[in-house]
Amino acid sequence: MHAKGKKPMGKLLLYGLGSVALYAAVYQFQDILLTTSARGGAYTVLPIATVFLFSWIHGTFAGTLWEVLGVTAVHKAPAKTAVQAPVRKDTRPRATVNA
Amino acid sequence: MDMLSEATRFIQLDASGIIFLFIVGFIGGLVSGFIGSGGAFVLTPGMMSLGVPGTVAVASNMCHKFPKALVGSIKRYRYGQVDIKLGLYLAAFAGVGVQIGIKIQNFILGLWGQAGSDLYVSVSFVVVLVVVGSIVMVDAIKSARSCSEEQVCSLALRLQKIELWPMLTFKKANLRISMWFLLPVGLATGLLAATIAVGGFVGVPGMIYILGATSLVASATELVIAFVMGLAGSINWAMHGMIDIRLTLIILAGSLLGVQLGAIGTTFVKEHMIKIVMGSIMLIVALSRGFAMPKYLGKLGLMDVSEATVALLDKVSFAFMVFSLVVGAVIILGSMIRAKRPAAAPVAQEA
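Scoring rules and cut-offs
Residues numbered from 1 in each chain as written. Chains lettered and ligands numbered in written order. Predicted model: local features only at pLDDT ≥ 70, side-chain atom pairs only at ≥ 80, totals over all residues. Heavy atoms only, no water. Helix = DSSP H or I, 4+ residues; strand = E, 2+ residues; numbered from the N terminus. Expected span 1.5 Å × (residues − 1). Bend = angle between axes of the 7 residues up to and from the residue. Buried < 20%, exposed > 50% of the residue type's maximum accessible area, 1.4 Å probe, protein only. Contact = heavy atoms within 4.5 Å. Patch = residues over 30% accessible without salt bridge, like charges linked within 9 Å, V, L, I, M, F, W, Y side chains within 5 Å. Areas by Shrake-Rupley, 256 points an atom, 1.4 Å probe, with all protein chains shown as cover. Salt bridge = Lys/Arg side-chain N within 4 Å of Asp/Glu carboxyl O. Phe/Tyr/Trp six-rings, centres within 6.5 Å; stacked < 30°, edge-to-face > 60°. Lys NZ or Arg CZ within 6 Å of the ring centre and 35° of its normal.

Residues and elements named next belong to chain B. The end-to-end C-alpha distance of helix 10 (residues 245-265), which contains 21 residues, comes to 29 Å, matching closely the 30 Å that a straight helix rising 1.5 Å per residue would cover. A253 marks the point of greatest bend in helix 10, at about 30 degrees. A large share of helix 10 lies buried, amounting to 21 of its 21 residues.

What follows deals with the side chain of T64 of chain A. Relative to the helices and strands, T64 of chain A is located in helix 3 (residues 45-68). Once you skip the residues sitting within four places of it in the chain, T64 of chain A turns out to touch P8, K11 and L12 of chain A.

Moving on: a nonpolar patch on the surface. All names here are of chain B. On the surface, V123, V127, V131 and I135 cluster together into a nonpolar patch covering about 310 Å² of accessible area. With respect to the secondary-structure elements, V123 resides in helix 5 (residues 84-146). Relative accessible area serves as the criterion here: at 33%, V123 is assigned to the partly exposed category.

This part takes up the environment of G59 of chain A. Structurally, the position occupied by G59 of chain A is in helix 3. As for G59 of chain A and G16 of chain A, which are separated by 43 residues in sequence, their C-alpha atoms are 10.0 Å apart. Setting aside chain neighbours within four positions, we find G59 of chain A in contact with F54 of chain A together with L256 and Q260 of chain B.

Let's shift gears to the packing of aromatic side chains. As enumerated under the stated definition, the model contains 9 aromatic pairs over all chains in all. Taking the centre distance of 6.1 Å and the plane angle of 50 degrees together, the rings of F66 of chain B and F227 of chain B count as tilted. In this pair, F66 of chain B is assigned in helix 4 (residues 54-78) and F227 of chain B in helix 9 (residues 215-239), connecting sequence segments 161 residues apart. As far as burial versus exposure is concerned, F66 of chain B and F227 of chain B are alike and both buried. If you follow R39 of chain A out to its NZ or CZ, it ends over the ring of Y43 of chain A, 5.0 Å from the centre.

Here you go:
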């Protein structure tokens, strides 16, 4: 499990710092986050937007980390079904109009 | 809905609780990225064991599932495994299935109370997981023995030949089938999601054995269904203010690492490994729920069981649930290490 080519160390560092900053912010402001989220209603957007932001920053960091560690996909061949059912031929008589 | 005061809703987190959630999140993510679902069922009882109220545990768990499914599905889309159209159709039908499931739950709750409802959930768990898990496991063992390419199930081939309007074509899954055969798979997925919170245990086998998708496409497409359903469910919970965002983000820290490793793992191993992992987890979880049944039978007066026995069985049940996830993770990591990377195989470069 080893990667070829240049490893994206800069990207890892950037998103890693971003991820640490986000988690530090959550730790620092956890009371405000919790009380605001607990209000529900219009504040629904807060927890949903927060997890989308973390998905992007921490998700990119996590993906880059595996890449840097050399754990990358082996191939990208699209999976296809082994056998496909043949399309049934329409044998019904076809109506035609001769003008 | 049971509205809890803020003081009782959100617990104090200590280091051991954070580490526990991170590790379970990672292992759950690994399993979800590989088989498309099934990684999150340990988290709700796990959070409850830390003192989190049931509704907050369910809400916070669901709120971590949809971003995890999003990241996993994007990763697997890059590998050409996701059929978005199929996922969206099934998610729409599953949404209807969830509503039917809730109606059934409420009906049983009114008829036999909480213990009756819990028993219904446990019986559903055991019956569905034993039946479907056995089918998946037997098929996986056959595929492993034959060492041949994955074949489409004969039932799926027969259904694909039936020209019943409206016919739907799914290019990535490489199949054409009537919407009327898609509908029950989606409904059953939603029904199971509403009952045992793991719709993928029916959704993935349904896509494989009824629709005729490969295990790779089925497990990857299940992530799309999980994203749509998880997002809708999370919005619902967030509107009631039930999400503990700290719990969600700690689990997400582990699961985003795990789900991408699981997705990468699908490119390392043979397709029958997905079925082996799924079948193993389903059968062990069925056993786990079997241990929980005497408690509910006792509450309904159908069985004589002491409190000490119930407490012991609860612990055994939870231990088996954790064990199922660990078994899944060990099989995935073990098969990845065994498969390694063939020297001549082209390397996928991804963003």
